[in-house]
Amino acid sequence: MKKRKHRRKAWKIVLAVLAVVILFAAIVVFGFRTRSIEVEGNEYYGESSILAWIENDKLSVNTLYLFLKYDYLGADVPTAVESMTVSLKNPWTVHVTVREKEMLGYVDYDGAFLYFDRDGTACLRTKEVLDGVPHIEGLVFDVSKVELGSVLPVEDSGIFRRIMDATVYIAKYSLVPDRVVCVDSGIALYFGSVEVLLGEDNYEARLAQVEPILKKIAELYPDTAGTLHLENYDDSSSAIRFVPAV
């Protein structure tokens, strides 16, 4: 008799635990059913693109699953996105905060524009021009091997560092070049008809000279095209060469 009582008691405990588990599962499945997804922080991608990315997962119908997936499980995100974090406004409403990558520049590619980050990773292909991102000309890469999410297959792996260094100091000195061009492993800027050769390094010292020299050139050589040679300039240089176009 005692054994039967123990068995009955054990079964009651098992059934109670099972009932709790079923109740909990029902709450998770039906209580956290996704009804609304809010998106903020996106600029490169439209809201519909972010929603399509999220909803491509069949389990996205559950808000708790989305919370765990994007905040704790290292979920994949679109190539131009640094991270996506999810919070629950209530059990059926998801709020997605998108943090997009900072684009270093863009190039012409396959009838559109291809944007890349500071590591040279191809992040976004679009026909739209994004504000504040420079158009980089002369960047040589193998078009047949371009793949979103991978580093652009360039001939010179150091070019992305040079582009980044140059653009940092272009912004620091409030310069607005008409063109930014990769030339002979270095960087050249164009201000109207004046070409400025920066070379491969020491960009802060060289770009600090650009604005005052351009003003001097405008005084001495008004409406004259030419090349300003800063590719060998450093703090010890006593002269800077401007060569008018023939």
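Thresholds applied
- Residues numbered from 1 in each chain as written.
- Predicted model: local features only at pLDDT ≥ 70, side-chain atom pairs only at ≥ 80, totals over all residues.
- Heavy atoms only, no water.
- Salt bridge = Lys/Arg side-chain N within 4 Å of Asp/Glu carboxyl O.
- Helix = DSSP H or I, 4+ residues; strand = E, 2+ residues; numbered from the N terminus.
- Buried < 20%, exposed > 50% of the residue type's maximum accessible area, 1.4 Å probe, protein only.
- Contact = heavy atoms within 4.5 Å.
- Pairing = 2+ DSSP bridges.

K.L.:
Hey, could you run me through the pattern of salt bridges in this one?
P.N.:
Pairing is possible between side chains that carry opposite charge, provided their charged atoms lie close to one another. With the rule as written, the count across this model stands at 13 salt bridges. Among the salt bridges present, the one from lysine 69 reaches aspartate 57, with a minimum N-O distance of 2.8 Å. You can see lysine 69 sitting in helix H3 (residues 63-72) and its partner aspartate 57 sitting in the loop between helix H2 (47-55) and H3, a full 12 residues away along the chain. In this pair, the class of lysine 69 matches that of aspartate 57, namely buried. The residue glutamate 102 makes a salt bridge to arginine 118 at a minimum N-O spacing of 3.5 Å. With glutamate 102 in the loop between strand E3 (93-100) and strand E4 (103-109) and arginine 118 in the loop between strand E5 (112-117) and strand E6 (122-126), this residue pair connects regions lying 16 residues apart in the sequence. Using a relative accessible area of 45% as the deciding quantity, one classes arginine 118 as partly exposed.

K.L.:
What's the story with the side chain of threonine 126 in this structure? I'm lost.
P.N.:
Tracing the backbone through its elements, the reader meets threonine 126 in strand E6. For threonine 126, a relative accessible area of 16% corresponds to the buried category. If we skip the residues at most four places from it in the chain, threonine 126 touches Ala112, Phe113 and Tyr115.

K.L.:
Just checking my understanding: could you explain unusual backbone geometry for this structure?
P.N.:
Leaving glycine aside, a negative phi is the common case for residues, and trans is the common case for peptide bonds. Of note, asparagine 202 is a non-glycine position whose phi angle comes to about 55°, a positive value. Of note, asparagine 202 is situated in the loop between strand E10 (194-199) and helix H5 (203-207). Taking the relative accessible area as the measure of exposure, asparagine 202 reaches 33% and is therefore partly exposed. Its identity is not glycine, yet aspartate 223 carries a phi of approximately 55°, on the positive side.

K.L.:
So what exactly am I meant to see when it comes to the pairing of strand E2 (residues 81-90) here?
P.N.:
Walk down a regular strand and you will see the side chains alternate between the two sheet faces. Where E2 lies against E3, eight bridges are found, and the strand directions are antiparallel. Opposite leucine 88, over in E3, you have valine 94 as the bridge partner.

K.L.:
Is there a simple way to explain the environment of valine 194 in this structure?
P.N.:
Position of valine 194 relative to the elements: it lies in strand E10. Judged by relative accessible area, valine 194 falls into the buried class, the value being 8%. When the C-alpha positions of valine 194 and isoleucine 217 are compared, they lie 9.2 Å apart, and in sequence the two are 23 residues distant. Apart from residues lying up to four places away in sequence, valine 194 is in contact with Leu189, Leu214, Thr224, Gly226 and Phe242.

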